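So you can see what is in the structure, the chains are spelled out below.
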Amino acid sequence: MGNPKNSPSFSGARIEFRDAADNTPALIWMAGEDGLCSWFNRGWLEFTGRTMEQEFGNGWVEGVHPQDLQNCFDQYTEHFNARDSFLLEYRLRRSDGQYRWILDSGTPVFDPQGTFLGYNGVCFDIHERKESENAHNKKLHHLWECEKKRARNKENQLLEILNSLALGKDDDTGCHIIRTQAYVKALANRLQSTGHYLDQLTDRDVDNLFRTAPLHDVGKMAIPDHILKKPGKLTEEEWQVMQTHASLGAEILSTAKLKYGDKGGDNLLNTAIDIASGHHEKWDGTGYPQGLKGQDIPLVARIMAVADVYDALVCVRPYKKAWAHEQAVEEIINLKGSAFDPLIVEAFILEQDLFKEILDEHHDA
Ligand SMILES: [Fe+2]
């Protein structure tokens, strides 16, 4: 408990300060060497509408807003222990019940011999300034959200343009895009629910994967039609050209990223680049274009690889007939650990019925 008004531990200077402080309109308090409040001026008591006895010791904290109490206490304790000055902002209840923002300036007091006597504090009502600051911050936050939304819309438009370019060049229909998106989402959700790769599969990561999956073959727009649409088997030379679609896709998307940046702040184009460049890499390192191995292949590309191969197997292509769903499932399982990440194949096995449903629902016309 703090020292009452006439305690001998107050120096003469403190008593003089107290008398002068009583006649100022500011809110002033004094605390003893034990950290407990021992005196409040008239301005403080009129402001809070409480008595000196009620405010003594730690009584005054009853008027501090509950949301500010912990921070107030922590800061006060830290500075008090260090014996240094502080500035604190908190809401203090006024006599009419309204909480007002207060700037509290505390200064340690020492006698001429350097003995610590306690603290003197002066408080100012900064409510109007604080409220306008909060309103300003709210406005800034709103503007920032609008800018993010605008950038995201711009990114969506960019994705749509790139999608339509990629589609126009390929024999696939829009159903391929819908299926592919649904497949990768099913795999990503299953990996999430089984606790795999959680650090790379936040909800935003999954959303990015879903939105950019259709761009995996965007590089095909740079492949000549006589190779892309050739009905028969490709020659070795044609196959080499065909394989460049992965790195070409990454180049196209990197150019788009340079031009449009990552204004949405959600890493969307980086995900698109990872998928386009890595979806033909194989888990055992025998894929293209870089021959990456295992987890060096971006996760989104490893997921895309399973979805893309499944869709290629179950659909008609210029060079092949459609496989039955069961055959395709068997093939994916056979490629576990060689072409595909074993954990993703496990997720595929658990989601195979959903794959079939997606295929049936969005079958090519
Ligand atoms: Fe591809």
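These figures come from a predicted structure and were not determined experimentally.

## Re the overall build of the protein
For step 1, the next point in the chain: Each helix and strand in the protein was counted, giving 14 helices and five strands.
For step 2, the next point in the chain: The C-alpha radius of gyration of the protein comes to 34 Å, more than 25% above the 21 Å expected for a compact globule of 365 residues.
For step 3, the next point in the chain: If you take every contact in the protein between residues at least 6 apart in sequence, the share linking residues at least 24 apart comes to 59%.

## Observations regarding the environment of R100
For step 1, the next point in the chain: In this structure, R100 sits in strand β4 (residues 99-110).
For step 2, the next point in the chain: Exposure remark for R100: the 19 C-beta atoms within 10 Å place this residue in the partly exposed category.
For step 3, the next point in the chain: Residues R100 and E128, spaced 28 residues apart in sequence, show a C-alpha to C-alpha distance of 8.8 Å.
For step 4, the next point in the chain: Sequence-distant contacts of R100, defined by excluding residues within four places in its chain, comprise R91, L92, R94, D125 and H127.

## A short note on the confidence of the model for the protein
For step 1, the next point in the chain: For the protein, the average pLDDT comes to 87, and 91% of its residues sit at 70 or higher.
For step 2, the next point in the chain: Of all the helices and strands in the protein, helix α1 (residues 12-21) carries the lowest mean pLDDT, 69, while helix α13 (residues 325-334) carries the highest, 97.
For step 3, the next point in the chain: This model gives residues 1-8 a pLDDT under 50, and the stretch forms 17 contacts once residues within four places in sequence are excluded.

## Considering the pairing of strand β3 (residues 86-93)
For step 1, the next point in the chain: Here eight bridges tie β3 to β4, and the two strands are oriented antiparallel to one another. Bridging across to β4, R93 finds its partner in Y99.

## Topic: helix α14 (residues 342-361)
For step 1, the next point in the chain: With 20 residues, α14 should cover 28 Å at 1.5 Å per step; its first-to-last C-alpha distance of 27 Å lies within 8% of that length.
For step 2, the next point in the chain: Along α14, the sharpest kink reaches roughly 65 degrees, centred on E351.
For step 3, the next point in the chain: When we look at burial in α14, the residues that qualify are I344, V345, A347, F348, E351, F355, I358 and L359.

## A short note on the nonpolar core
For step 1, the next point in the chain: Residues L187, L253, I303 and V306 are the most contacted members of the largest nonpolar core, which totals 49 residues.
For step 2, the next point in the chain: Here this core takes nine residues from helix α12 (residues 299-314), the largest share from any one element.
For step 3, the next point in the chain: Sequence-distant contacts of I303, defined by excluding residues within four places in its chain, comprise V184, L187, A188, L209 and I344.
For step 4, the next point in the chain: Ranked by size, the runner-up nonpolar core spans 20 residues in total, among them L27, I28, W39 and Y90.

## With respect to the domain arrangement of the protein
For step 1, the next point in the chain: Segmenting the protein into domains produces domain 1 (12-125) and domain 2 (152-361).
For step 2, the next point in the chain: The distance between the C-alpha centroids of domain 1 and domain 2 comes to 64 Å.

## Brief notes about the packing of helix α11 (residues 268-278) against α12
For step 1, the next point in the chain: The interhelical angle for the contact between α11 and α12, taken along N-to-C directions, is 50 degrees, at an axis separation of 8 Å. Regarding the angle of α11 to α12, the classification is oblique. Relative to α12, α11 is oriented so that their crossing is right-handed. Contact with α11, carried on its side by T271, D274, I275 and G278, involves V300, A301 and M304 of α12 and no other residues of that element.

## Here's the deal with α11
For step 1, the next point in the chain: Judged by how many residues are buried, α11 sits mostly within the fold: 10 of 11 residues are covered.
For step 2, the next point in the chain: Taken together, the buried positions of α11 are occupied by L268, L269, T271, A272, I273, D274, I275, A276, S277 and G278.

## Re the packing of helix α7 (residues 203-212) against α11
Packed helix pairs are characterised by how far apart their axes lie and by the angle those axes make with each other.
For step 1, the next point in the chain: One way to put it is that α7 packs onto α11 with a least axis distance of 9 Å and a crossing angle of 60 degrees. As the angle between them shows, α7 and α11 are arranged oblique. You can see that α7 and α11 cross each other, and the crossing is right-handed. Note on element contacts: α11 touches α7 through L268, T271, A272 and I275, opposite N208, L209, R211 and T212.
For step 2, the next point in the chain: Class assignment for the residues of the contact of α7 with α11 results in four nonpolar, three polar and one charged.

## Section: the environment of G294
For step 1, the next point in the chain: Relative to the assigned elements, G294 resides in the loop between α11 and α12.
For step 2, the next point in the chain: Separated by 276 residues in the primary sequence, G294 and R18 place their C-alpha atoms 74 Å from one another.

## A few points about the sheet that holds strand β5 (residues 116-125)
For step 1, the next point in the chain: An order of β2-β1-β5-β4-β3 is seen for the five strands of this open sheet, with the pairing classed as antiparallel. Looking along the sheet, the strands with just one partner apiece sit at the ends: β2 (37-40) and β3. Between one strand axis and the next, the sheet turns by 30 degrees as a mean value, whatever way the strands run.
For step 2, the next point in the chain: Across six bridges, strand β1 (residues 27-32) lies against β5 in antiparallel orientation. Bridging from a neighbouring strand, L27 pairs with C123 of β5.
For step 3, the next point in the chain: The strands touched by helix α4 (residues 66-82) within the sheet are β3 and β4, with β3 carrying the most contacts at an inclination of about 150 degrees.

## Overview of unusual backbone geometry
For step 1, the next point in the chain: Cis geometry is found at the peptide bond from Y288 to P289, where omega equals 5 degrees.
For step 2, the next point in the chain: Look at R83: it is not a glycine, yet its phi comes out positive at around 60 degrees.
For step 3, the next point in the chain: Along the polypeptide, R83 turns up in the loop between α4 and β3.
For step 4, the next point in the chain: You will see that Y197, though not glycine, has its phi angle at about 50 degrees, which is positive.
For step 5, the next point in the chain: In this structure, Y197 sits in the loop between α6 (174-193) and α7.

Reading the values: rules and limits
Residues numbered from 1 in each chain as written. Predicted model: local features only at pLDDT ≥ 70, side-chain atom pairs only at ≥ 80, totals over all residues. Helix = DSSP H or I, 4+ residues; strand = E, 2+ residues; numbered from the N terminus. Rg over C-alpha atoms; globule rule 2.2 N^0.38 Å. Contact = placed C-beta atoms within 7 Å. Buried ≥ 20, exposed ≤ 12 C-beta atoms within 10 Å, placed from the backbone. pLDDT = per-residue confidence, 0-100. Pairing = 2+ DSSP bridges. Expected span 1.5 Å × (residues − 1). Bend = angle between axes of the 7 residues up to and from the residue. Core = buried A, V, L, I, M, F, W, Y, C linked by C-beta atoms within 7 Å. Domains from an automatic or database assignment. Axes fitted to C-alpha atoms, helices over the stretch in contact; angles between N-to-C directions. Parallel < 35°, antiparallel > 145°, perpendicular 65-115°, else oblique. Left-handed = near helix turned anticlockwise from the far one by under 90°. Nonpolar A, V, L, I, M, F, W, Y, C, P; charged D, E, K, R; others polar.

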